[in-house]
Amino acid sequence: MKKLFFDMDGVLVDFQSGIDKLSDEVKKEYEGRLDEVPGIFSLMDPMPGAIEAVRTLTALGKYELYILSTAPWGNPSAWTDKAKWVQKHFDSDRPDGVFYKRLILSHHKNMCIQPNAWLIDDRKAHGSECFGEHFIHFGSDRFPDWDSVVEFFKNL
């Protein structure tokens, strides 16, 4: 069975939606390092189409799905907030949840490279570029949105 690894920020999670919920004072205090605002990851909404895409890919029954994300080293709450976000949006606190115990937080995504494994990420960083032809560049011309990603994996 093929494995699909999903990045969170900018792929499953709309990072900007969290920023938009911050006060002007907090934005000014953390200017240039907004990912270090305590609790910011708990404020974020799903990317448009992300929840439905994950459900569709799960229903195909031919992929094992995982989340593979980094968390800012200078923001310890980010690690917990990311886990809570997954539980909230994917019921992963239940054994039948799609991402139940399938959240991997690492600054070395290349450690998850294996045969038949794909990574969907919006950036080529933290080892994601090492996935080579199995790297789906979310937000690119070829994969601008979730519909294009789902269509690709339906036909793979």
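This text gives an overview of the structure that appears in the document. Quick caveat, the model's predicted, so the values are computed rather than measured.

Looking only at helices and strands, the chain has five helices and seven strands in total. Over its C-alpha atoms the chain spans a radius of gyration of 15 Å, differing by no more than 12% from the 15 Å that the globule rule assigns to 156 residues. With respect to the principal axes defined by its C-alpha atoms, the chain has extents near 50 × 35 × 25 Å. Restricting to contacts in the chain with at least 6 residues of sequence separation, those with at least 24 account for 63%.

Inspection of every chain in the model, using the stated rule, returns 14 aromatic pairs. Between Phe6 and Trp146, the ring centres sit 5.8 Å apart and the planes meet at 40°, which makes this aromatic pair tilted. Taken together, the residues Phe6 in strand E1 (residues 2–6) and Trp146 in helix H5 (residues 146–154) connect sequence positions 140 residues apart. Like Trp146, Phe6 is buried. Taking 5.5 Å as the distance between ring centres and 80° as the angle between the ring planes, the aromatic pair formed by Tyr63 and Phe153 counts as edge-to-face.

Now for the pairing of strand E6 (residues 117–121). By the criterion of burial, E6 is predominantly enclosed, with five of the five residues buried. Burial of the side chains of E6 extends over both faces: Ala117, Leu119 and Asp121 are buried on one face and Trp118 and Ile120 on the other. Alignment of E1 against E6, held across four bridges, turns out to be parallel. Bridge pairing in E6 places Leu4 opposite Trp118. Where E6 meets strand E7 (residues 135–137), three bridges bridge the pair, whose relative direction is parallel. Directly across from Ile120, in E7, lies its bridge partner Ile136.

What makes a disulfide is a covalent bond joining the sulfur atoms belonging to two cysteines. Within this structure, the stated rule accounts for zero disulfides. Cys130 supplies the cysteine sulfur nearest to Cys112, a cysteine that is in no disulfide, at a spacing of 12 Å. Overall, Cys112 belongs to the buried group, its relative accessible area being 13%. Residue Cys130 is classed as partly exposed on the basis of its relative accessible area of 44%.

Attention shifts here to helix H3 (residues 50–60). Along H3, the residues that are buried comprise Ala50, Ile51, Ala53, Val54 and Leu57. The buried side chains of H3 occupy one side of the element, clustering within an arc of 165° when seen end-on. Seen from the buried face of H3, the exposed residues on the opposite side, beyond 90 degrees, are Arg55 and Ala59.

Most of E1 sits inside the fold, with four of its five residues counted as buried. As paired elements, E1 and strand E4 (residues 63–69) share five bridges and run parallel to each other. What sits directly across from Phe6, in E4, is Ile67.

Leu4, Phe6, Leu12, Ile120, Trp146 and Phe153 are the most contacted members of the largest nonpolar core, which has 39 residues in total. The set of elements that each furnish at least two residues to this core consists of E1, H3, E4, helix H4 (77–90), E6 and H5. Setting aside residues up to four positions removed in sequence, Phe153 forms contacts with Leu4, Leu57, Leu60, Lys62, Tyr63, Trp118, Ile120 and Ile136. Core analysis: the second largest hydrophobic core is formed by eight residues, Phe5, Cys112, Ala117 and Phe135 among them.

Reading the values: the criteria
- Residues numbered from 1 in each chain as written.
- Predicted model: local features only at pLDDT ≥ 70, side-chain atom pairs only at ≥ 80, totals over all residues.
- Heavy atoms only, no water.
- Helix = DSSP H or I, 4+ residues; strand = E, 2+ residues; numbered from the N terminus.
- Rg over C-alpha atoms; globule rule 2.2 N^0.38 Å.
- Contact = heavy atoms within 4.5 Å.
- Phe/Tyr/Trp six-rings, centres within 6.5 Å; stacked < 30°, edge-to-face > 60°.
- Buried < 20%, exposed > 50% of the residue type's maximum accessible area, 1.4 Å probe, protein only.
- Pairing = 2+ DSSP bridges.
- Disulfide = S-S within 2.5 Å.
- Arc of directions from axis to C-beta.
- Core = buried A, V, L, I, M, F, W, Y, C linked by side-chain atoms within 4.5 Å.

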